[in-house]
Amino acid sequence: MTVPDLARRIQDRLPSTLDLLRDLVGINSYTGNRAGVNQLGRLTAERFAPLGFTAEFVPHQNSACGDHLVLTRPGTSPQSIALVSHLDTVFPPEEEERNGFRWQPEGPRIYGPGTIDIKGGTAMMHLALSALAEADPETFQRITWRLLWNSSEETLSRDFAVLSHQRLDPSNTLAALVFEAEGRPAGTPCLVVA
């Protein structure tokens, strides 16, 4: 696989990735909207299923919050990579409605609840894994993939941290990558590290 080949595969998948993002943004997943968070979790699981992922919905310790989502695709080796994101967003349904927060393409940008924080991260996870599965199936199949979504990231809770520690084997986890956007301070790309 060459870099231009991978870039082409990613570019070819961009329209379907944007379709996925539009569908994700269309669901209100305010932290306090348990039904919306769970609906988003089910849609996310459904979209990753064709890549071989099975879903586990883990009830939050706070019954007012939606379920955490864990997707797993066993590999042929014990080595794993974790991809971490969250399902909840910050705007209640009535605030989205009142302010017209919705899917809004404007030139090269797309606005809407969660396009950056965090539904864009979920779309990026799907894009990267889809491209890898096609471009380098041997590597994709060798790794055990564990994808974890926090249902209440916008609040303070140790619930998801406990779940993550339970699901990730430190001796075989090669990396845990967080798919939270960085916002480009001063227009310069940067890496979120905390």
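I will try to describe carefully the structure that is included in this document. (Residues numbered from 1 in each chain as written. Predicted model: local features only at pLDDT ≥ 70, side-chain atom pairs only at ≥ 80, totals over all residues. Heavy atoms only, no water.)

1. Some details on the sheet that holds strand 3 (residues 80-86)
Line of reasoning, step 1. Within the open sheet, the five strands sit side by side as 1-2-6-3-7. Their pairing is mixed. A strand with exactly one partner marks an edge of an open sheet, and here the two such strands are strand 1 (54-58) and strand 7 (173-178). Adjacent strand axes in the sheet meet at a mean angle of 15° when their direction is disregarded.
Line of reasoning, step 2. By the bridge criterion, five bridges tie strand 2 (residues 68-73) to strand 6 (residues 144-150) in an arrangement that is antiparallel. When the bridges of strand 6 are listed, Thr72 appears paired with Arg146.
Line of reasoning, step 3. Each of strand 1, strand 2 and strand 6 touches helix 2 (residues 34-48); the most contacted strand, strand 2, lies at about 10° to it. (Pairing = 2+ DSSP bridges. Helix = DSSP H or I, 4+ residues; strand = E, 2+ residues; numbered from the N terminus. Axes fitted to C-alpha atoms, helices over the stretch in contact; angles between N-to-C directions. Contact = heavy atoms within 4.5 Å.)

2. Describing the environment of Val58
Line of reasoning, step 1. With respect to the element layout, Val58 can be found in strand 1.
Line of reasoning, step 2. With relative accessibility at 14%, the residue Val58 sits in the buried group.
Line of reasoning, step 3. Among residues more than four places away in sequence, those in contact with Val58 are Asp67, His68, Val70, Leu163 and Arg167. (Buried < 20%, exposed > 50% of the residue type's maximum accessible area, 1.4 Å probe, protein only.)

3. Some details on the packing of helix 1 (residues 3-25) against helix 2
Line of reasoning, step 1. Helix 2 packs onto helix 1 with a crossing angle of 160° between their chain directions and a minimal axis gap of 10 Å. Accordingly, the angle class assigned to the pair helix 1 and helix 2 is roughly antiparallel. For the crossing formed where helix 1 meets helix 2, the hand is right-handed. Note on element contacts: helix 2 touches helix 1 through Leu40, Leu43, Thr44 and Arg47, opposite Leu20, Asp23 and Leu24.
Line of reasoning, step 2. Counted by class, the contact of helix 1 with helix 2 contains four nonpolar, one polar and two charged residues. (Parallel < 35°, antiparallel > 145°, perpendicular 65-115°, else oblique. Left-handed = near helix turned anticlockwise from the far one by under 90°. Nonpolar A, V, L, I, M, F, W, Y, C, P; charged D, E, K, R; others polar.)

4. A look at the pattern of salt bridges
A side chain with one charge may pair with a side chain of the opposite charge, provided their charged atoms come close.
Line of reasoning, step 1. Within this structure, the stated rule accounts for nine salt bridges.
Line of reasoning, step 2. For Asp12, the salt bridge identified is with Arg8, shortest N-O distance 3.1 Å. Placement of both Asp12 and Arg8 in helix 1 is noted, with a separation of four residues, approximately one turn of the helix.
Line of reasoning, step 3. Given the relative accessible area of 43%, Arg8 is considered partly exposed.
Line of reasoning, step 4. Asp19 is paired through a salt bridge with Arg22; the nearest N and O atoms lie 3.1 Å apart. (Salt bridge = Lys/Arg side-chain N within 4 Å of Asp/Glu carboxyl O.)

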